[in-house]
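Examining the three-dimensional arrangement
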Amino acid sequence: MKGRNMTRWRDPAKDPRQEPKSHLITAEGAERLRGILDHLARVKRPALSTKVGEAAALGDRSENADYTYNKKELNRVIARIRYLTKRLDKLTVVDRLPADTGKVYFGAFVTLEDEEGEEMRIRIVGHDEIAPDQHWISVDSPLAKALLGKPLDEEVTVAAPGGETTYIITEIDYRDPQA
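Residues numbered from 1 in each chain as written. Predicted model: local features only at pLDDT ≥ 70, side-chain atom pairs only at ≥ 80, totals over all residues. Heavy atoms only, no water.

Here the structure, examined in full by the defined rule, presents seven salt bridges. A salt bridge links R34 to E31, with the shortest nitrogen-to-oxygen separation between them at 3.7 Å. Linking R34 with E31, this pair stays in helix α1 (residues 27-56), spanning three residues, or about one helical turn. Classification of E31 by relative accessible area gives exposed; the value is 52%. In this structure, D173 and R121 form a salt bridge, with 3.7 Å as the shortest nitrogen-oxygen distance. Of this pair, D173 sits in strand β7 (residues 163-173) while R121 sits in strand β4 (residues 119-125); the two residues are 52 residues apart in sequence, bridging distant segments of the chain. For D173, a relative accessible area of 22% translates into the label partly exposed. (Salt bridge = Lys/Arg side-chain N within 4 Å of Asp/Glu carboxyl O. Helix = DSSP H or I, 4+ residues; strand = E, 2+ residues; numbered from the N terminus. Buried < 20%, exposed > 50% of the residue type's maximum accessible area, 1.4 Å probe, protein only.)

Here the phi dihedral of H135 falls at roughly 65 degrees; this positive angle occurs in a residue that is not glycine. Note that H135 resides in the loop between β4 and β5 (136-138). Its relative accessible area of 42% is what places H135 among the partly exposed residues.

Laid out in structure tokens, this is it:
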């Protein structure tokens, strides 16, 4: 039986989506999430509620595209507000430096050099702060797990889809160089 609600069965013990995610976030990330929540609750939701009310006042809702679209958008915003509220309650804000800044821990900017001599600068952040364009990776990623607790000039091997890759940690910094 095929249908749009049918999904492929996955063994929960082997499904990577079932792995528990860490509840860590940087102070900047928490502030950004609070800003998004504030904007949605104070600006977007009231504006959409007004639009829905105006569209509903026009009469027949079954053929009113403006009402239908804005009602769906309002429900999406309400769901996002609910998610962010629950998520912010669960998160632990990491707002101080580790005792040993010579090792890689949460929030660190790490410069890595691969076998070909190419450098890559990443930051280890929480699941809610991932930014691939800035090379911010999740603390739950295989690369971050391999780096955590390692000192400067340590060699780290990470399993990648194309095979194992070896990196050398060339720099560890806990301050944003652009700040």
